[in-house]
Amino acid sequence: MKKTVSLVLGSGAARGNAHIGVIQAIEDHGYEIVGLSGCSIGSIIGGVFAAGKIHEYSEWARSLDKVRVLRMLDMSFRHGAYIKGDRFFQVIEEMLGDAPDIESLTIPYTAVAVDLLNQKEFWFQKGSLINAMRASSAIPSVVAPVQLGHRIYVDGGVLNPLPIIPTVSAGADYIIAVDLNGPAQELTTETLVAKNNEPEWWSGFKGLFSKNRSDEEIEARNLSKAGPESWGRLQTINMMFETMQESLTQYKLAGYPPDLLISIPKDFTSFYEFWRADELIDFGYEVTAKALDDLASPKESYHSFPKGY
């Protein structure tokens, strides 16, 4: 009989592609995922998996390059220069076919968002899957908030970047959580591109959308070579958000530690580098495979990977 897993997929924008590799490794090792909760990008990939479309999503993610990522960014300067997200979710809706409700998914699923007006965490466990994904991934000051009825929702990472509690009721053999804001470290895995080959930081928010700039002109100085004055609003907001999420995650883990924690270092990729899906998927698979081998012969009550292998 297969061992069962309740899977928790955290927030972290482009690093969320590692979730795909984690899921593939869990299934390849003979485990059955019987419960799933997600926040932000975790709610999206978790929802796609629960709807049976993770293979299609993986192929699409691997196909993205810088130009296709830029074309996904549909700005609304009329409403505060937010990214609307319509183009991205159009792809998701086409992938899923008839827009499913959460109740129709093959496994229990929870998307965590924040009810902004009432200032509290909100769990989507029924209703439109697309609406739940959009509400859970509305990054403050970057992606437009989502209004559903009389409520306004933003990214669940504001209060709970690693939502473990919703998966407990599944009664699985193991709870496995994937933290995309893990401690920065130098990795030796061959899936990580050398630092001097990383894509350079893009020079300012408006530069992303200039019609008259070439791809080379859109790119600017690397963060490792430039100070905060060159970051721009988007980078500054994201670094603040990631700092907050890392601290919140530690509180959540202390209160309810999972059986296994997959920790993706926050310096693996920048939050916007969706074109590096190949590396992230492969890394997520590799580190999870090693972690599951260790979990099969447990020596500790709580496991966290990677450990600098």
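Here the residue numbers are simple positions, counted from 1 along each chain's written sequence. Residue-level local features of this predicted model are given only where pLDDT is at least 70; pairs of side-chain atoms are given and counted only at 80 or more, and the full residue set underlies all totals for whole chains, interfaces and linings. In computing side-chain properties, one takes all heavy atoms of the structure into account and sets aside hydrogens as well as water.

An unreviewed UniProt entry annotates the protein chain as NTE family protein of Marinomonas pollencensis.

Quick notes on the pattern of salt bridges
Test applied: Here, a salt bridge means any side-chain nitrogen of Lys or Arg that lies within 4 Å of a carboxyl oxygen of Asp or Glu. Think of it this way: any DSSP run of H or I at least four residues long counts as a helix, any run of E at least two long counts as a strand, and we number them from the N terminus. Residue burial is assigned from relative accessible area. The probe radius is 1.4 Å, only protein chains are included, and a residue is buried under 20% of its type maximum, exposed over 50%, and partly exposed in between.
Applying the stated criterion across every chain, the model contains six salt bridges. For R62, the salt bridge goes to D278, with nearest N and O atoms at 2.6 Å. A residue pair is termed long-range when its members are at least 10 positions apart, and R62 in helix 3 (residues 54–63) and D278 in helix 9 (residues 277–295) qualify at 216 residues. In this structure D278 comes out as partly exposed when scored by relative accessible area, which is 38%. With its nearest N and O atoms 2.8 Å apart, the salt bridge here joins R276 to E279. Judged by its relative accessible area of 3%, R276 falls in the buried class. Among the residues examined, E279 registers a relative accessible area of 15% and is labelled buried. One continuous salt-bridge network, built from bridges that share partners, spans R62, D278 and D282.

Some details on the nonpolar core
We apply this condition: The nonpolar core is taken to be a set of buried Ala, Val, Leu, Ile, Met, Phe, Trp, Tyr and Cys residues, with the residues joined through side-chain atoms within 4.5 Å. Throughout, a residue-residue contact means that at least one pair of heavy atoms, one from each residue, lies within 4.5 Å.
In this structure, L7, Y57 and I262 are the most contacted members of the largest nonpolar core, which totals 73 residues. Leaving out residues up to four positions away in the same chain, I262 has contacts with V22, I176, A177, V178, D179, V287, T288, A291 and F305.

Here's the deal with the packing of aromatic side chains
Selection rule: Ring pairs shown here join Phe, Tyr and Trp side chains whose ring centres sit within 6.5 Å, with only the six-membered ring taken for Trp; geometry is labelled stacked below 30 degrees between planes, edge-to-face above 60, and tilted in between.
A complete count under the given rule lists 10 aromatic pairs for this structure. Through successive ring pairs, a cluster of aromatic residues spans Y57, W60, F88 and F89.

As for a nonpolar patch on the surface
Filter applied, for reference: Each patch groups residues whose relative accessible area exceeds 30% and which form no salt bridge, using 9 Å between like charges and 5 Å between nonpolar side chains of Val, Leu, Ile, Met, Phe, Trp and Tyr. Each accessible area is a Shrake-Rupley result for a 1.4 Å probe, and residues are judged covered by the shown protein chains and nothing else.
Taken together, the side chains of W123, I165, V168 and Y256 define a hydrophobic patch exposed on the protein surface, amounting to about 330 Å² of accessible area. Given a relative accessible area of 34%, W123 falls into the partly exposed group.

A short note on the side chain of H19
Selection criterion: Under this definition, polar contacts are N or O atom pairs within 3.5 Å; protein pairs additionally need one hydrogen-donor-capable and one acceptor-capable atom, and for neighbouring residues in sequence, both atoms have to be side-chain atoms.
Considering the arrangement of structural elements, one finds H19 in helix 1 (residues 18–28). Within polar-contact distance, the side chain of H19 engages the backbone oxygen of G10 at 2.9 Å. The contacts of H19, once residues within four sequence positions are left out, are L9, G10, G42, I45, V178 and L180.

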